[in-house]
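Chains, contacts and geometry: an overview
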Amino acid sequence: MTISTHVTEFAGRPVVVFEPEAALPPDPGAVAWKLTADYDDSVEDFTRLVEQFLHEVGPDAVQALIIGQWGSAYEEVAPVELLVGLAPRLTGLRALFLGEMTSEECEISWIKQTDVTPLLAAYPELETLRVRGSDGLAFTPTRHPALRELAFESGGLPATVVRGVAESDLPALTHLELWLGTDEYFGDAGVADLAPILAGTRLPELGYLGLRDAEIADQVAAALAGAPVVARLHTLDLSLGILGDEGAAALLAGQPLTHLRRLDLHHHYLSPDLAARLVEELPGVEVDLSDAEEADQDGDRYVAVAE
C-alpha cells in the first residue's frame, strides 16, 4: 500500500487548498489551510506562495496549516526554517502537518525532511504536529507543555527520532503515533528505543499509542504485554504492520486489555484462530482485524507503507 489520497480533514477542520485570489471561506480560522506547490517549482516559488497566502488570508486567521509539496520533495528539504521564521506572525497556529503528499507527488520514504524540533521551540502553543517522511528526519529530546498530538508517518523511522520522542518531556500529550516501518527505509528502531514510552514514566496524559507499520510488530506486541503504559491507554494501535500469531498470543498472555476502548490491528498476518481468540477474550473492546494478509510463498510479510 502507498498513500494515494490526500487528507480531507485535519485538526478537526475541513481542508481548504489555498488558491491565490480565490474567494475565502466565511471563517478562515475554521479550516485547515493547505499550501502546495508544483513539482517543478523552486523554493523561491513556494516562499512567494506562502507570502501571498499570508497577505490574502491574514496570519492571525491561520490556526491549522498543512504543507504539501514545496517543489520537488525528492530534492529540496522541508521548509522548516521558513516556518520557524514565520512564527512571530502565525501567532494563532495550533496545528501543523508537514509533508502531506501522496505517493504520486513523492514516495513517503523519499520526502526530504530535516530536524523538526525547532518547530516546537518556535511555536510554544502548538497542539498538533504531524510529519510525513523520514529521509534526513531528526528529532531531539525537548520539552513542550502544550503539544497534545505528535505523529511521524514514515516507511521507516530512525531510532534517533524514536529516542528523541521517548526522552522528551511532553506533559500534555494525549496522542502519539510512530510509524516504525522497515530497516530498508531508515527504520532501524528496536524495542529498547521505545523503553521510556512503554515504562509509563513519561507522557502522563497519553491515551492513544500507535506503534504502526512495524516490521518488528511481534516484538513490540511482546513488550507491550507487560508494559506499564498500557494500563493508561484507551486505544492501542498496532495497525499497518506485520503482526502475526506470535505477537497476538503475547498480547493475550500478558496484562489485561479489557479496559481498552479500541485495539487496532488492521493489516495483520494472524491466523483465523488467533483472530477469533482476540475478539472472544476482549469483550467490550472494539478490535479491528480488517485487511487480513497472507505471507508470500517464501513466508515473507510486508508492512503496509514502505517506499
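Here is what the cut-offs are and how they apply
- Positions within a chain are numbered from 1, following the residues in the order the chain's sequence is written.
- Owing to the predicted nature of the model, reporting of local features is limited to residues with pLDDT of at least 70; listing and counting of side-chain atom pairs is limited to 80 or more, with chain, interface and lining totals taken over all residues.
- Side-chain descriptors were evaluated using all non-hydrogen atoms of the structure, hydrogens and water having been removed beforehand.
- Categorising residues by exposure relies on relative accessible area from a 1.4 Å probe, with only protein chains included: less than 20% of the type maximum marks a residue as buried, more than 50% marks it as exposed, and the intermediate range marks it as partly exposed.
- The way it works is that DSSP assigns letters per residue, a run of H or I at least four long becomes a helix, a run of E at least two long becomes a strand, and they are numbered from the N terminus.
- Between any two strands, pairing holds if DSSP finds at least two bridges.
- A crossover gets the label right-handed when its path from the first strand over the helix to the second runs clockwise, viewed with the strands pointing away from the viewer.
- Two residues qualify as a contact provided that any one of their heavy atoms is within 4.5 Å of a heavy atom in the partner residue.
- Fitted lines through C-alpha atoms give the axes, limited to the stretch in contact for helices. The angle between two N-to-C directions lies from 0 to 180 degrees.
- N or O atoms within 3.5 Å of each other form a polar contact, as long as, within protein, one can give a hydrogen and the other can take it, and as long as residues adjacent in sequence are counted only when both atoms are side-chain atoms.
- Should an angle fall under 35 degrees it is taken as roughly parallel, and over 145 as roughly antiparallel, whereas 65 to 115 is taken as roughly perpendicular and any remaining angle as oblique.
- Under the grouping applied here, Gly and all other residues not named as nonpolar or charged are polar, the nonpolar ones being Ala, Val, Leu, Ile, Met, Phe, Trp, Tyr, Cys and Pro and the charged ones Asp, Glu, Lys and Arg.

What follows is about the pairing of strand E3 (residues 32-35). Residues Ala32 and Lys34 line one face of E3 and the alternating positions Trp33 and Leu35 line the opposite face, and both faces are buried. Summarising the sheet, strand E2 (residues 13-17) and E3 pair through three bridges and their orientation is parallel. Pairing of Val17 across the sheet is with Lys34, part of E3. In the classification by handedness, the crossover that spans E3, the intervening helix H1 (residues 43-57) and the parallel strand E4 (residues 64-67) is right-handed.

Moving on to the sheet that holds strand E7 (residues 149-153). Reading across the sheet, the twelve strands line up as E1-E2-E3-E4-E5-E6-E7-E8-E9-E10-E11-E12 and stay open at both edges, with mixed pairing between neighbours. The sheet is open, and its two borders are formed by strand E1 (9-10) and strand E12 (286-288), each paired with just one other strand. Sheet contacts for H1: E3 and E4; angle to E3, the most-contacted strand, approximately 150 degrees.

So, about the side chain of Asp135. Looking at the element boundaries, Asp135 is found in the loop between strand E6 (128-132) and E7. The buried category is assigned to Asp135, whose relative accessible area is 14%. At 3.0 Å, the side chain of Asp135 and the side chain of Lys112 are in polar contact. Each residue touching Asp135, except ones within four places of it in the same chain, is listed here: Ser109, Trp110, Ile111, Lys112, Gln113 and Phe186.

Okay, the packing of helix H6 (residues 217-224) against helix H7 (residues 245-253) next. Contact geometry of H6 with H7 gives a least axis separation of 8 Å together with a crossing angle of 5 degrees. The orientation of H6 with respect to H7, classified from their angle, is roughly parallel. Two secondary-structure elements touch here, H6 through Asp218, Ala221, Ala222 and Leu224 and H7 through Glu246, Gly247, Ala250 and Leu251. Looking at the contact of H6 with H7 residue by residue, the classes come out as five nonpolar, one polar and two charged.

Keep in mind that these numbers describe shape and distance, not what the molecule does.
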